[in-house]
Amino acid sequence: GAVVSQHPSWVICKSGTSVKIECRSLDFQATTMFWYRQFPKQSLMLMATSNEGSKATYEQGVEKDKFLINHASLTLSTLTVTSAHPEDSSFYICSASRGGYTGELFFGEGSRLTVL
Amino acid sequence: AQSVSQHNHHVILSEAASLELGCNYSYGGTVNLFWYVQYPGQHLQLLLKYFSGDPLVKGIKGFEAEFIKSKFSFNLRKPSVQWSDTAEYFCAVTPYNNNDMRFGAGTRLTVKP
């Protein structure tokens, strides 16, 4: 099957610091990756679409300078939360598409960020 | 963009009870529909999906869903739930031929042994 892995699974950081979360497709090449944010007891909210080798497309209301996304290779996308604040505490989930439209996305385990 | 509504936030059932979780979507064009399950501490897994054809779709673990176009609905069903079905269930929709996936708020299912 297609496996997507996120690292770290959880991270605690101090307010004002930056945190990087990695999303890797382990056994396939992902031309497109998606980043979501999930608040407790709420749905996954799409933050941005990341295409390999190009700039990410952000959803309305998502700060590009706050949430930096890099998709440097076909197996890795990173989300960097810059100058994190307590309100950025959340569960961040990535998903990946094999390429083209297959109708199925493969999800990572999620990364829980807690900003103190 | 498309949107999805799941009306049941938390459903509690006893084992062997039948399950139906509601899902309605809003979009002006053709869509593809999905149900994902998230077991505690695990990642999202695909239960089933509808692209075209028979509107009654069968998925894994005995789940099925029916697409009713006139009602913009894609309800999830299972005739007899098990304790191991305790999880969070998400309905999702993409525009046809597009990976832009939007999720419903999720329904937490608790099955009592």
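Residues numbered from 1 in each chain as written. Chains lettered and ligands numbered in written order. Predicted model: local features only at pLDDT ≥ 70, side-chain atom pairs only at ≥ 80, totals over all residues. Heavy atoms only, no water.

**Some details on the overall build of chain B**
Applied cut-off: Helical segments are the DSSP runs of H or I of at least four residues, strand segments are the runs of E of at least two, and each set is numbered from the N terminus. In this setup the radius of gyration rests on C-alpha atoms only. A globule is expected at 2.2 Å times the number of residues raised to 0.38. Accessible area is worked out with a 1.4 Å probe on protein chains only. A residue is then buried under 20% of its type maximum, exposed over 50%, and partly exposed in between. Charge counting treats Lys and Arg as positive and Asp and Glu as negative, with His and both chain ends excluded. A charged residue contributes its charge at one atom only: NZ of Lys, CZ of Arg, CG of Asp or CD of Glu.
The helix and strand inventory of chain B stands at zero helices and 12 strands. Seen in sequence order, chain B has helices and strands lined up from the N terminus as β-β-β-β-β-β-β-β-β-β-β-β. Expected size for 113 residues packed as a compact globule is a radius of gyration near 13 Å; at 13 Å, chain B falls within 12% of this value. Counting only C-alpha atoms and orienting by the principal axes, one finds that chain B spans roughly 40 × 30 × 20 Å. The buried share among the 113 residues of chain B stands at 48%. Taking the average place of the 10 positive charges on the side chains of chain B and the average place of its 8 negative ones, the gap between the two points comes to 2 Å.

**Structural notes on the confidence of the model for chain B**
Applied cut-off: Every residue is assigned a pLDDT by the predictor, reflecting its confidence on a scale from 0 to 100.
Overall, the prediction assigns chain B a mean pLDDT of 93, with 100% of residues at 70 or greater. Of all secondary-structure elements in chain B, the lowest mean pLDDT belongs to strand β11 (residues 102-103) of chain B, at 91, while strand β9 (residues 73-78) of chain B reaches the highest, 98.

**Things to note about the interface of chain A and chain B**
Threshold: Here, two residues are considered to be in contact whenever any of their heavy atoms come within 4.5 Å of each other. For salt bridges, the criterion is a side-chain nitrogen of Lys or Arg within 4 Å of an Asp or Glu carboxyl oxygen. Under this definition, polar contacts are N or O atom pairs within 3.5 Å; protein pairs additionally need one hydrogen-donor-capable and one acceptor-capable atom, and for neighbouring residues in sequence, both atoms have to be side-chain atoms. Charged residues are taken to be Asp, Glu, Lys and Arg, nonpolar residues to be Ala, Val, Leu, Ile, Met, Phe, Trp, Tyr, Cys and Pro, and polar residues to be all remaining types, Gly included.
Listed by partner, the interface residues are 20 residues for chain A and 21 residues for chain B. A salt bridge links Glu 59 of chain A to Arg 102 of chain B; the nearest nitrogen and oxygen atoms lie 2.9 Å apart. Run the count over chain A and chain B and you get three residue pairs in polar contact (both at pLDDT 80 or more). Among the residues forming the side of chain A that touches chain B, the class breakdown is nine nonpolar, eight polar and three charged.

**Quick notes on the side chain of Gln 6 of chain A**
Residue and element names in this part refer to chain A. Inspection of the secondary structure assignment puts Gln 6 in strand β1 (residues 4-7). On the accessibility criterion, Gln 6 (3% relative accessible area) is buried. Separated by 2.9 Å, the side chain of Gln 6 and the backbone nitrogen of Cys 94 make a polar contact. Here the side chain of Gln 6 touches Gly 110 through a polar contact of 3.0 Å, landing on its backbone nitrogen. With residues near it in sequence (within four places) discarded, Gln 6 still touches Ile 21, Glu 22, Cys 23, Trp 35, Tyr 92, Ile 93, Cys 94, Gly 108, Glu 109, Gly 110 and Ser 111.

**A few points about the layout of surface pockets**
The cut-off we apply is this: The definitions used throughout rest on a 1 Å grid laid over the protein atoms alone, on which a cavity is an enclosed set of points accommodating a 1.4 Å probe that cannot get out and a pocket is an open set flanked by protein within 12 Å on both sides along at least five of seven lines; lining residues are those having an atom within 4 Å of a point. Grid points are joined across faces, edges and corners, and a volume is the space filled by probe spheres set on the points.
If you add up the space inside the largest pocket, you get close to 630 Å³. Lining the largest pocket are 26 residues, with Gln 38, Lys 41 and Arg 112 of chain A together with Gln 38 and Glu 88 of chain B positioned closest to its centre. Of all the secondary-structure elements, those providing two or more residues to the lining of the largest pocket are β10 (87-95) and β12 (107-112) of chain B. For the lining of the largest pocket, a count of residues per class yields nine nonpolar, 12 polar and five charged. When its volume is computed, the second largest pocket comes out at roughly 370 Å³. As for the second largest pocket, its lining consists of 22 residues, of which Met 45, Leu 46, Met 47, Glu 59 and Val 62 of chain A are closest to the centre. With four residues, the top contributor of residues to the lining of the second largest pocket is strand β5 (residues 44-51) of chain A. For the lining of the second largest pocket, the class distribution of residues is 11 nonpolar, six polar and five charged.

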